[in-house]
Amino acid sequence: MPYITDGEPKPIGSYPDSGIDVLIVGTGLAGLTAAIECRRKGHKVRILEKCPDINTQGDMYFMGLSATKFFKHWPEMAKEFDSISLHNAWIETYKHTGELVIPPIRVSERLREAGLDPDTPPGLFQMRPLVYRMYIRQVERLGVPITFNKKVVDYWEDVQAGKGGVTTEDGERYEADVVIAADGVGSKAQKLVGGQVRAMKSGRAMWRAAFDIKDLDKNPEIKEFFSMHTPKGGGKPEPIVRTWLGPGTYAMSLTRPETIIWIMNHDVTGSEKESWTHTVEADDVLRNMDNKVPKPWARELKELVKLTPPKTIINFELFWRNPQPKWASPGARVINIGDAAHSFLPASGNGATQAIEDAVSLAACLQIGGRENVPQSVRAHVRMRFIRNACAQKLGFSNAELLQDTDWKNARIDPRKAQPKMPKWVWQHDPEKYAYEVYDHVVESMKKGIPFDKDFDMPLNYPPGYKYEPWKIEDIRDAMREGRKVELGAGDWD
């Protein structure tokens, strides 16, 4: 398993009982990772979920190497992750009109050309259903109790009693030593935390669909076009990612042995919602996909849309949000993680990665500090993670700009000009190791009253040479609308 880093595994049972009672709200990647890692660190864990079951539907996302390093402690997860991963994937790039610009090339070769080790890729595209089933099986093996149909409507804390808690829609109250709010964008915990930020319409949305590849049988020509890639000289067909890049837009497909996935970035049409369960039909996509592009989309993509089964296409509206100024409640008994703390654009390739990093970091900090220092550990975790996430969010906007405004002249010569940045400061990070390395330093700095952005002796987990500068989404929005480059700031972002 070359993409999982070396290091001494510390499986369940390696840490003594911490006595810390943890209540987690939400069963997304952040919540499930927090449950798994908190149990390994010796904490007592319970989960509340508003839905009647864990949602395993969806298409694909990018899981960075920094998010998979903790699998070394979980042999069953590591084995399953290896089995569902794309080991010999290819990638090819088209203009949105269908003109092939960069012929099929192994992802490993792209990495080598970018100066990266193909045996240790920055991350992997994964299918959400497969990853979630893997997580669910691990949670079930651990016997973590999940109470479903519990919609949390309020968060609270009792500083004197040393407790955080929630109130559910049916009036029930739950409390714990620490409450982890992993309930996504718009978490009710933001009211207590003081981190609410206004959502601004971006004017963009994403069509997304995943379905059985047998549905392509109705059109043999399209089935052949979207087939897996057979290497020159023969051999077994292998998965392939196809990208289409156009002015102000992009699309992507992934072909696996049993599944076809496609996504397309587009201007809002009026039928989109910020919901992973909101679907539209193919005719809605076909009616709108050529809007505001100088030339029509590739015929093959349109035919793929036509073959997409009913109630399969999600039309997800994209909102822009400033970095949340706070993630923890005043008494640090309630903490936001994942999208509840920092939302990412899909093009960032970083949302899932940073959510998992959050969970691993927080579980470690709680173990280091112990039950008597829960607030201290929560604040230390935030301090370790805040600048890193602000940088990762900003990088996401830069990557979106690259996908939507490709320099084709240079991309033909150097394919790296048509792919998002995957800097080492993102994927080489190990959130667990980092927590153990800097925890004492962070606590000492907090006791001395050193502001988080002035602690220049702290080892970095963000771009080398960068000095934190608060930024506003309005400035980035204006730059993108005016065709100006998104300025990332000082430091080595590559």
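The structure presented is a predicted model; accordingly, all values stated were derived computationally and were not measured.

1. Some words on the environment of Thr 259
Summarising the element assignment, Thr 259 is placed in strand S15 (residues 259–267). Taking the C-alpha atoms as reference points, Thr 259 and Asp 212, 47 residues apart in sequence, are found 4.8 Å from one another. Discounting chain neighbours no more than four positions away, the residues touching Thr 259 are Met 127, Phe 211, Ile 213 and Leu 254.

2. Observations regarding the nonpolar core
Counting 72 residues, the largest nonpolar core has Phe 71, Tyr 135, Ile 180, Ile 335, Ile 337 and Val 378 as its most contacted members. Here the element with the most residues in this core is helix H11 (residues 374–404); it accounts for 9 residues. Leaving out residues up to four positions away in the same chain, Val 378 has contacts with Val 178, Ala 328, Ala 332, Ile 335, Leu 362 and Leu 366. Core analysis: the second largest hydrophobic core is formed by 25 residues, Ile 213, Val 293, Trp 297 and Leu 304 among them.

3. Quick notes on the sheet that holds strand S17 (residues 313–320)
Across the sheet, 8 strands lie side by side as S5-S4-S13-S14-S15-S12-S17-S16; this open sheet has mixed pairing. Because the sheet does not close on itself, it has two edges, and the strands there are strand S5 (100–106) and strand S16 (279–280). Bridge count for strand S13 (residues 240–246) against strand S14 (residues 249–255) is 7 bridges, and the pairing is antiparallel. Looking at the pairing, Trp 244 lines up with Ala 251 of S14. Contacts from helix H9 (residues 299–306) reach strand S12 (200–212), S13, S14 and S15, with the element oriented near 110° to S15.

4. Considering helix H10 (residues 351–369)
Taking 1.5 Å as the rise per residue, H10 with 19 residues should run 27 Å; its terminal C-alpha atoms sit 27 Å apart, in good agreement. Within two residues after H10, Gly 370 carries a phi angle of roughly 80°, on the positive side.

5. Some words on the packing of H10 against helix H14 (residues 431–448)
Closest axis-to-axis distance for the H10/H14 pair is 8 Å, and the angle between their directions is 35°. In this structure, H10 crosses over H14, and the sense of that crossing is right-handed. Judged by residue contacts, Glu 357, Val 360, Ser 361, Ala 364, Cys 365, Gln 367, Ile 368 and Gly 369 of H10 engage Pro 431, Glu 432, Ala 435, Tyr 436 and Tyr 439 from H14. Residues that form the contact of H10 with H14 fall into these classes: 8 nonpolar, 3 polar and 2 charged.

6. What to know about the sheet that holds strand S8 (residues 152–158)
Pairing within the open sheet is antiparallel, and its 3 strands lie in the order S8-S9-S10. Every interior strand has two partners, whereas the edge strands, S8 and strand S10 (173–176), have only one. Sheet twist, expressed as the average angle between the axes of neighbouring strands with direction ignored, equals 20°. In this sheet, S10 lies alongside strand S9 (residues 163–168) in antiparallel orientation, the contact comprising 4 bridges. Across the sheet, Val 166 pairs through a bridge with Tyr 174, a residue of S10.

7. Focus on the side chain of Arg 242
By the secondary structure assignment, Arg 242 is in strand S13. Engagement of the side chain of Arg 242 in a polar contact is seen with the backbone oxygen of Ser 227, the distance being 2.9 Å. When near neighbours in sequence (up to four residues on either side) are disregarded, Arg 242 contacts Glu 92, Tyr 94, Phe 225, Phe 226, Ser 227, Ala 251, Met 252, Ser 253 and Thr 255.

8. Focus on a positive patch on the surface
On the surface, a cluster of positive charge is made up of Lys 50, Lys 151, Lys 188 and Lys 191. In this fold, Lys 188 is placed in the loop between strand S11 (178–181) and helix H6 (189–193).

9. Overview of the confidence of the model for the chain
The predicted coordinates ought not to be read in detail in places where the model reports low pLDDT. Considering every residue of the chain, the mean pLDDT works out to 90; 93% of them sit at 70 or more. Within the model, the stretch residues 411–415 combines pLDDT values under 50 with 10 contacts to residues more than four positions away or in other chains.

10. Notes on the side chain of Arg 333
Along the polypeptide, Arg 333 turns up in the loop between S17 and strand S18 (334–336). Notably, Arg 333 is buried but unbridged: the nearest opposite-charge side chain belongs to Asp 177, and the N-O separation is 4.8 Å. What Arg 333 contacts, discounting residues up to four positions off in sequence, is Glu 157, Gly 162, Lys 163, Gly 164, Asp 177, Val 178, Val 179, Val 374 and Pro 375.

11. Notes on the pairing of strand S4 (residues 90–95)
Along S4, 5 of the 6 residues are buried, which leaves the element largely enclosed by surrounding structure. Judged from the 4 bridges that link them, S4 and S5 form a sheet pairing that is antiparallel. If you follow Tyr 94 over to S5, its bridge partner there is Leu 100. Bridge count between S4 and S13: 6 bridges; the pairing is parallel. Counterpart to Lys 95 in the pairing with S13 is Leu 245.

Rules used in this analysis
Residues numbered from 1 in each chain as written. Predicted model: local features only at pLDDT ≥ 70, side-chain atom pairs only at ≥ 80, totals over all residues. Heavy atoms only, no water. Helix = DSSP H or I, 4+ residues; strand = E, 2+ residues; numbered from the N terminus. Contact = heavy atoms within 4.5 Å. Core = buried A, V, L, I, M, F, W, Y, C linked by side-chain atoms within 4.5 Å. Buried < 20%, exposed > 50% of the residue type's maximum accessible area, 1.4 Å probe, protein only. Pairing = 2+ DSSP bridges. Axes fitted to C-alpha atoms, helices over the stretch in contact; angles between N-to-C directions. Expected span 1.5 Å × (residues − 1). Left-handed = near helix turned anticlockwise from the far one by under 90°. Nonpolar A, V, L, I, M, F, W, Y, C, P; charged D, E, K, R; others polar. Polar contact = N/O pair within 3.5 Å; in protein donor to acceptor, adjacent residues only side chain to side chain. Patch = residues over 30% accessible without salt bridge, like charges linked within 9 Å, V, L, I, M, F, W, Y side chains within 5 Å. Areas by Shrake-Rupley, 256 points an atom, 1.4 Å probe, with all protein chains shown as cover. Salt bridge = Lys/Arg side-chain N within 4 Å of Asp/Glu carboxyl O. Lys, Arg positive; Asp, Glu negative; His and termini not counted. Charge placed at Lys NZ, Arg CZ, Asp CG, Glu CD. pLDDT = per-residue confidence, 0-100.

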